[in-house]
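# Observations on chain architecture
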Amino acid sequence: RTLPMREVYVWEFPVRMYHWVNALCVTALCITGFLIGNPLSFMIGTEAYFNYWFGTVRFIHFVFAFVFFFNFLFRIYWGFVGNEFSRWYNFIPLKRCQWKEIVDVIKVDILQVTHKQVDSIGHNALASLIYFVTFLIFLLQCLTGFGMYSAMSKSLLPKLFAWIVPFLGGDMHVRQRVLEVKICS
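The present account deals with the structure reproduced in this document.

Here is what the cut-offs are and how they apply
All residue numbers here refer to positions counted from 1 along the written sequence of the relevant chain. Per-residue local features of the predicted model are confined to residues with pLDDT of at least 70, and side-chain atom pairs are confined, for both listing and counting, to 80 or more; whole-chain, interface and lining totals are unaffected and use all residues. Water and hydrogen atoms play no part in the side-chain values, which are based on all heavy atoms of the structure. Only DSSP runs of H or I reaching four residues or more are called helices, and only runs of E reaching two or more are called strands; each is numbered from the N terminus. Throughout this description, buried means an accessible area under 20% of the type-specific maximum (1.4 Å probe, protein chains only), exposed means over 50%, and partly exposed covers the range between. A contact between two residues is defined here by any heavy atoms of the two lying within 4.5 Å. The accessible surface values rely on the Shrake-Rupley method and a 1.4 Å probe; as for residues, cover is taken only from the protein chains in view. Helices are assigned an expected span. That span is 1.5 Å times one less than the residue count. Between 30 and 60 degrees the pair is tilted, below 30 it is stacked and above 60 it is edge-to-face, where a pair is any two Phe, Tyr or Trp rings, Trp via its six-membered ring, whose centres lie within 6.5 Å.

Attention now moves to the overall build of the chain. Along the chain, the regular secondary structure elements total seven helices and zero strands. In the chain, the succession of helices and strands from N to C terminus is α-α-α-α-α-α-α. Expressed as a percentage of its 185 residues, the buried residues of the chain come to 28%. In the chain, of all internal contacts separated by at least 6 residues, the share reaching a separation of at least 24 is 57%. Counting every atom, the chain has about 12,900 Å² of accessible surface; 68% of that belongs to carbon and sulfur.

With that settled, the discussion passes to helix α1 (residues 13-37). Between its terminal C-alpha atoms α1 stretches 35 Å, which fits the 36 Å expected from 25 residues at 1.5 Å a residue. Of all the residues in α1, the buried ones are V15, Y18, N22, C25, A28, L29, T32 and L35. The inward-facing, buried residues of α1 abut α2 (53-81) and α4 (125-149).

Before going further, it helps to spend a moment on the packing of aromatic side chains. Taken as a whole and assessed by the stated rule, the structure comprises 20 aromatic pairs. Aromatic pair Y18 and F135: ring centres 6.5 Å apart, planes at 55°, arrangement tilted. In this pair, Y18 is assigned in helix α1 and F135 in helix α4, connecting sequence segments 117 residues apart. For the ring pair F68 and F138, a centre distance of 5.0 Å and an interplane angle of 80° mean the geometry is edge-to-face. Taken together, the positions of F68 in helix α2 and F138 in helix α4 put the pair 70 residues apart, joining distant regions of the chain.

Here is the structure:
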């Protein structure tokens with residue numbers, strides 16, 4: 001017996017736009033972050049004004065960090081006002097049925113101990129949980145990034161995060177932990 005099918009509009013334009021902006025930002029932040037952490041040593045011995053490429057790399061990193069942050073804030077907002085598939089209650093497994101679906105997906109897709117198909121509209125519960133953990137990592141990266149930036153900025157927004165670095169044990173400790181999170185994620 002086949003069930004009647006109907007078309008469902010799952011991913012609204014704001015969610016799709018968030019993902020593309022996020023992909024662009026993460027790509028730019030990874031490239032510029034790598035260059036900041038391991039600067040290239042070319043252009044030594046040239047005129048001094050040619051050597052400002054590192055300042056440009058940092059500027060690009062900061063611009064994409066701000067875009068990433070405000071894009072992330074928008075996604076948090078959209079988790080409250082978006083359609084039923086983009087709401088936060090889908091990402092945080094508080095119901096028994098969500099945990100059962102997580103176990104079922106692990107059994108089918110990871111352990112391959114069963115062949116029972118798990119049907120979900122939008123993300124399945126495991127994917128939603130992984131996205132939620134990813135959002136928490138994004139939050140940590142934003143907090144520590146602005147915390148480190150606050151030491152060199154006179155702007156109000158980064159100064160709001162100046163407490164992060166001392167709270168987490170100092171600048172070097174934050175740099176090492178951020179590096180570990182970025183490598184692990």
